[in-house]
Amino acid sequence: MASLIRKASDFIELVKLQHTLFALPFAMVSLVLAAPHGPSFRQLLWILGAMVGARSSAMAMNRIADRHIDAQNPRTRGRALPAGILGLGEVWVFTLASTALFLWSAWQLSALALALSPVALSVLWGYSFTKRFTALSHLVLGLALGIAPSAVWIALLGRLDWTPVLLTLAVTLWTAGFDILYACQDVEFDRQVGLHSIPTKLGIAQALLIARLLHVGMALLLAGVGFTASLGPIYWIGLLPICGLLFLQHRLVSPQDLSRLNAAFFTTNGFLSVGLLVVVLLDRT
């Protein structure tokens, strides 16, 4: 039993399950706005199954694709694959099982969701390879998380409207912005091994400026969601501290001091995504 618990813990760490807080609340925002009277239990169950399966599949594929790079990077060589904590075959089985959960869940939701699932998978798996040839990989990662709100909307209503599209764009810019921040700590290593990112291409100072601009764009898109979804005063008041968290994220880092990067990356982003969901729920009740 202890061995099984330890193995489960290793897989949870492999896919950083705790980071689900980044994407899941935005998908739930889309769910609340698409189904104001609430989805059925069956819909909720399979939406959660699709999200967990898709994210786990994407993260595991990323670890497989990057295992040799991770082994060279002092910051990442302790990860499960390069450290030998998990075997490559085990991670492949986990990846395929997670993919199967995603496809099965999409099938249970609707024929359209199933038909579009290969498109989602191509983005989720494709991100892992983009940093090998383009500095725009941050935006691809953003899209990988950002498709969740649109996917939920399609699964529930069978169509796309402006609200989920704006949410998708908001999450894309938000994720790209904080991924640029995160990439600043690997600038020297990425240059040595030939990986592409905004910080390696433009330097840390310019990268931080671009991240700020992306987050300004996110704030504007969230305002657009308020208009298209006809949200009320609670949303607009709640949007102010959410934007404040974006501001704080950038106050915590500078070109001369990246020591508080983890606080900027994990803490503020977790509060931001959950806070947006709470604000939307309060506004709709």
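All of the points below concern the structure found in this document. Keep in mind that what you see is a predicted model, and the values were worked out from it rather than measured.

1. Some details on the overall build of the protein
Inference 1: Within the protein, the regular secondary structure consists of 13 helices and zero strands.
Inference 2: In the protein, the succession of α and β elements from N to C terminus is α-α-α-α-α-α-α-α-α-α-α-α-α.
Inference 3: Radius of gyration (C-alpha) of the protein: 19 Å, near the 19 Å computed for a compact globule of 285 residues.
Inference 4: Here the C-alpha coordinates of the protein stretch approximately 50 × 45 × 35 Å along the principal axes.
Inference 5: Residues classed as buried in the protein amount to 53% of the 285 residues present.
Inference 6: Across the protein, the fraction of contacts at a sequence separation of at least 24, relative to all contacts at a separation of at least 6, is 72%.

2. Some details on a nonpolar patch on the surface
Inference 1: The grouping of Ile 234, Val 274, Val 278 and Leu 282 at the surface amounts to a nonpolar patch, some 300 Å² of accessible area in total.
Inference 2: In terms of residues, the nonpolar patch owes the most to one element, helix α13 (residues 261-284), which gives three residues.
Inference 3: Position of Ile 234 relative to the elements: it lies in helix α12 (residues 233-251).
Inference 4: Under the relative-accessibility criterion, Ile 234 is labelled partly exposed at 40%.

3. Some words on the pattern of salt bridges
Inference 1: For the structure shown, the criterion picks out six salt bridges.
Inference 2: Between Arg 79 and Asp 70 there is a salt bridge, with its nearest N and O atoms 3.3 Å apart.
Inference 3: Judged by relative accessible area, Asp 70 falls into the buried class, the value being 5%.
Inference 4: Here Asp 161 makes a salt bridge to Arg 159, at a shortest N to O gap of 2.9 Å.
Inference 5: For Arg 159, a relative accessible area of 44% puts it in the partly exposed group.
Inference 6: Sharing partners across several salt bridges, the network here consists of Asp 66, Lys 131 and Arg 132.

4. Focus on the packing of aromatic side chains
Inference 1: Taken as a whole and judged by the stated rule, the model has five aromatic pairs.
Inference 2: For the ring pair Trp 174 and Phe 178, a centre distance of 5.1 Å and an interplane angle of 80° mean the geometry is edge-to-face. One end of the pair, Trp 174, and the other, Phe 178, are both in helix α8 (residues 162-183), four residues apart, so they sit about a helical turn from each other. Judged on exposure class, the residue Trp 174 and its partner Phe 178 are both buried.
Inference 3: When the ring of Phe 227 is compared with that of Trp 236, the centres are 4.9 Å apart and the planes differ by 55°; the resulting orientation is tilted.
Inference 4: Take Phe 227: its relative accessible area is 63%, and that puts it in the exposed class.
Inference 5: In this structure an aromatic cluster arises from ring pairing among Phe 26, Trp 174 and Phe 178.

5. Re the packing of helix α5 (residues 88-109) against helix α6 (residues 111-130)
Inference 1: In contact at an axis separation of 8 Å, α5 and α6 are set at 145° when each is read in the N-to-C sense. The handedness of the crossing between α5 and α6 is right-handed. Taking contact as the criterion, the partners of Thr 95, Thr 99, Phe 102, Leu 103, Ala 106, Trp 107 and Leu 109 in α5 are, on α6, Ala 113, Leu 114, Ser 117, Ala 120, Leu 121 and Trp 125.
Inference 2: Class assignment for the residues of the contact of α5 with α6 results in ten nonpolar, three polar and no charged.

6. Structural notes on unusual backbone geometry
Inference 1: Of note, the phi angle at Ser 230 is positive, near 55°, even though the residue is not glycine.
Inference 2: Within the secondary structure, Ser 230 is located in the loop between α11 (204-228) and α12.
Inference 3: Residue classification places Ser 230 among the exposed positions, given a relative accessible area of 59%.

7. What about α11?
Inference 1: Helix length check: α11 (25 residues) gives 36 Å between terminal C-alpha atoms against 36 Å at 1.5 Å per residue, within 8%.
Inference 2: Looking one or two residues past α11, Ser 230 carries a phi angle of roughly 55°, positive in sign.

8. A look at the side chain of Thr 172
Inference 1: Mapped onto the secondary structure, Thr 172 falls in helix α8.
Inference 2: A polar contact of 2.7 Å, which involves the side chain of Thr 172, links it to the backbone oxygen of Thr 168.
Inference 3: Thr 172 has contacts with Leu 139, Gly 142, Leu 143 and Gly 146, leaving out every residue within four places of it along the chain.

9. Observations regarding the side chain of Asp 179
Inference 1: Topologically, Asp 179 is positioned in helix α8.
Inference 2: Buried and without a salt bridge, Asp 179 has Lys 131 as its closest oppositely charged side chain, separated by 7.8 Å.
Inference 3: Every residue in contact with Asp 179, bar those within four places of it in the chain, is listed here: Tyr 127, His 138 and Leu 141.

Parameters at a glance
- Residues numbered from 1 in each chain as written.
- Predicted model: local features only at pLDDT ≥ 70, side-chain atom pairs only at ≥ 80, totals over all residues.
- Heavy atoms only, no water.
- Helix = DSSP H or I, 4+ residues; strand = E, 2+ residues; numbered from the N terminus.
- Rg over C-alpha atoms; globule rule 2.2 N^0.38 Å.
- Buried < 20%, exposed > 50% of the residue type's maximum accessible area, 1.4 Å probe, protein only.
- Contact = heavy atoms within 4.5 Å.
- Patch = residues over 30% accessible without salt bridge, like charges linked within 9 Å, V, L, I, M, F, W, Y side chains within 5 Å.
- Areas by Shrake-Rupley, 256 points an atom, 1.4 Å probe, with all protein chains shown as cover.
- Salt bridge = Lys/Arg side-chain N within 4 Å of Asp/Glu carboxyl O.
- Phe/Tyr/Trp six-rings, centres within 6.5 Å; stacked < 30°, edge-to-face > 60°.
- Axes fitted to C-alpha atoms, helices over the stretch in contact; angles between N-to-C directions.
- Left-handed = near helix turned anticlockwise from the far one by under 90°.
- Nonpolar A, V, L, I, M, F, W, Y, C, P; charged D, E, K, R; others polar.
- Expected span 1.5 Å × (residues − 1).
- Polar contact = N/O pair within 3.5 Å; in protein donor to acceptor, adjacent residues only side chain to side chain.
- Lys, Arg positive; Asp, Glu negative; His and termini not counted.

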